[in-house]
Amino acid sequence: MAKELPLSVDQIESHNATRVEALRDEYDSLGRALGRRGIDIDAVKARVAGFAVAVPSWGAGRGGTRFAKFPIAGEPTTIHEKLADCAVIHQLSTVTPRVSPHFPWDKVGDYAALREAAAALGLGFDAINSNTFQDQPGQKLSYRDGSLSAGDAGVRAQAVEHNIECIEIGRQLGAAALTVWVGDGTNFPGQQDLAKSLDRYLEAAAQVYAALPDDWRMLLEHKMFEPAFYSTVISDWGSSILAAQELGPKAKCLVDLGHHAPNVNIEQIVARLHRFGKLGGFHFNDSKYGDDDLDSGSINPHQLFLVFNELIEAELNPRDGFDPAYMIDQSHNVTDPIESMISSAEAIAGAFAKASLVDREALAAAQQANDTMLAFLTLRKAYRTDVSPILAMARMEAGGAIDAIVAYRDSGWRARKAQERTAVGLGAGIV
């Protein structure tokens, strides 16, 4: 199928032509510096070129604050418009080839046609996300009091049916994973029996698990709080891994960087989940106070690097296998969502590249000798390296833009879409 790329290839090449000489100079200079450390810059670039992170369909639009939603001109309102924006992100950044859809938000009548439309834009589909944390128009029963863990058996059956429907949609789209996050929990002590609510969740989740194709995974996403603030059924990685172990080998744990208590050591959680063969994937974002869904690397880039350091350790020591699903999961309230996801994709790929520079032999030797400072400095040396020339060279060679956000702005994409698309109305927020 011939690709119908959203942006002019000639325009991107023209953008690169004015910058390539400076990039080659920076790349060659970095290559010499890395060479003195025994690192082949072209090998690192090849690893970056093979790296990929999915983008969420809903991330192409603006999210809301607790009090209001402020739409942006040209915001997508259909899955086809979302795919077009995601294709812009991938064309410029070259590391976001898959889109993770959300149902019923992205529901259409013909999924074979949707898959073809995505392929024409150079995109495939990643994990399917179900939604039992909202009531939809025409829905028979409400999720107000829970979904997979609800006390009402009819509500649980409805939630199970929806997840199984998502699996069937995913099969048609060529996906191979189902992400399950539930907002189930309580706001008052005594509201529910805490043990029985988990039992109900496990019983219902087992019915969804039984419907998985043989080559699929079920990614269990935990969240410490919100919308339930007293207790959440799957509240932490401990609850998640216990549920995954009970469900079976196709059930894995999904880690969202914002779904943890303050100061939790997320990189250690990565190591623990991998140790027991339950590391299923990541939702990348950043946070200052809680589940802020801020742009990846915008608050704590060092933590992102440390997470990738553990991911590369896991890759080098795969145990029962290592194939995590990576996805950006952000809410863009004050920026152009396309720009935020381009920036985040670069931050994530940059953390991966820096972690690839770590001298593993030196680190292991320092750890074995309990040389605390040398071990720390081995990591810090990789973290301090400016890998932007590697990222830019990999992008350019793959047909992307040396400076992706500048190229995006120069393309006039947002202004054109503002003229073509139906305007999104104001929102009331979540209070």
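Sequence order sets the numbering: in each chain, residues are counted from 1 along the sequence as written. Side-chain atom pairs in this predicted model are given and counted only at pLDDT of 80 or more, local residue features only at pLDDT of at least 70, and totals for whole chains, interfaces and linings cover all residues. As a convention, hydrogens and water are excluded, and side-chain values are obtained from all of the structure's heavy atoms.

1. A short note on the overall build of the protein
Rules: Numbered from the N terminus, helices here are DSSP runs of H or I no shorter than four residues, and strands are runs of E no shorter than two. Radius of gyration: over C-alpha atoms. The globule rule applied is 2.2 Å multiplied by the number of residues raised to the 0.38 power. Only protein chains enter the accessibility calculation, which uses a 1.4 Å probe. A residue is then buried if its area is under 20% of the maximum for its type, exposed if over 50%, and partly exposed in between. Throughout, a residue-residue contact means that at least one pair of heavy atoms, one from each residue, lies within 4.5 Å. Accessible areas in this description were obtained via Shrake-Rupley with a 1.4 Å probe; residue shielding takes into account the shown protein chains only. Residues counted as positive are Lys and Arg, residues counted as negative are Asp and Glu, and His and the chain ends are not counted. Every charge is mapped to an atom, namely NZ of Lys, CZ of Arg, CG of Asp or CD of Glu.
Of the regular secondary structure elements, the protein holds 16 helices and eleven strands. The C-alpha atoms of the protein give a radius of gyration of 22 Å, which matches the 22 Å a tight globule of 431 residues would have. Structurally, the protein occupies a C-alpha span of about 65 × 60 × 40 Å along its principal axes. Sorting the 431 residues of the protein into buried and exposed places 54% on the buried side. Counted over contacts in the protein with a minimum sequence separation of 6, partners at least 24 positions apart contribute 80%. Accessible area of the protein: about 19,600 Å², with a carbon and sulfur share of 51%. Each charge class in the protein can be summarised by its mean position, and for the 41 positive and 56 negative side chains these summaries are 2 Å apart.

2. Thoughts on the sheet that holds strand E1 (residues 55-56)
Quick reminder of the rule: What makes two strands pair is DSSP finding at least two bridges between them.
Reading across from one edge, E1-E2-E3 is the order of the three strands in this open sheet, with parallel pairing throughout. Across the chains shown, the open sheet's two edge strands, defined by having one partner strand only, are E1 and strand E3 (124-125). As paired elements, strand E2 (residues 98-100) and E3 share two bridges and run parallel to each other. Bridging from a neighbouring strand, Arg98 pairs with Gly124 of E3.

3. Examining helix H15 (residues 404-411)
Under the convention used in this document: Comment: arc refers to directions from the helix axis out to C-beta atoms.
Residues of H15 that are buried: Ala404, Ala407, Tyr408 and Ser411. Projection of H15 onto a plane perpendicular to its axis shows the buried side chains occupying an angular sector of 100°, all on one side. More than 90 degrees from the buried face of H15, the exposed residues found are Arg409 and Asp410. Where H15 is buried, its residues touch helix H1 (9-17), helix H4 (79-93), helix H11 (337-356) and helix H16 (413-420). In the stretch just after H15, Gly412 is the one whose phi turns positive, near 75°.

4. Focus: H4
We count it as follows: The span expected for a helix works out to 1.5 Å for each residue beyond the first.
Counted at 1.5 Å a residue, the expected span for H4 with its 15 residues is 21 Å, and the 21 Å between its end C-alpha atoms agrees. In terms of burial, H4 is largely enclosed, as 14 of its 15 residues are buried.

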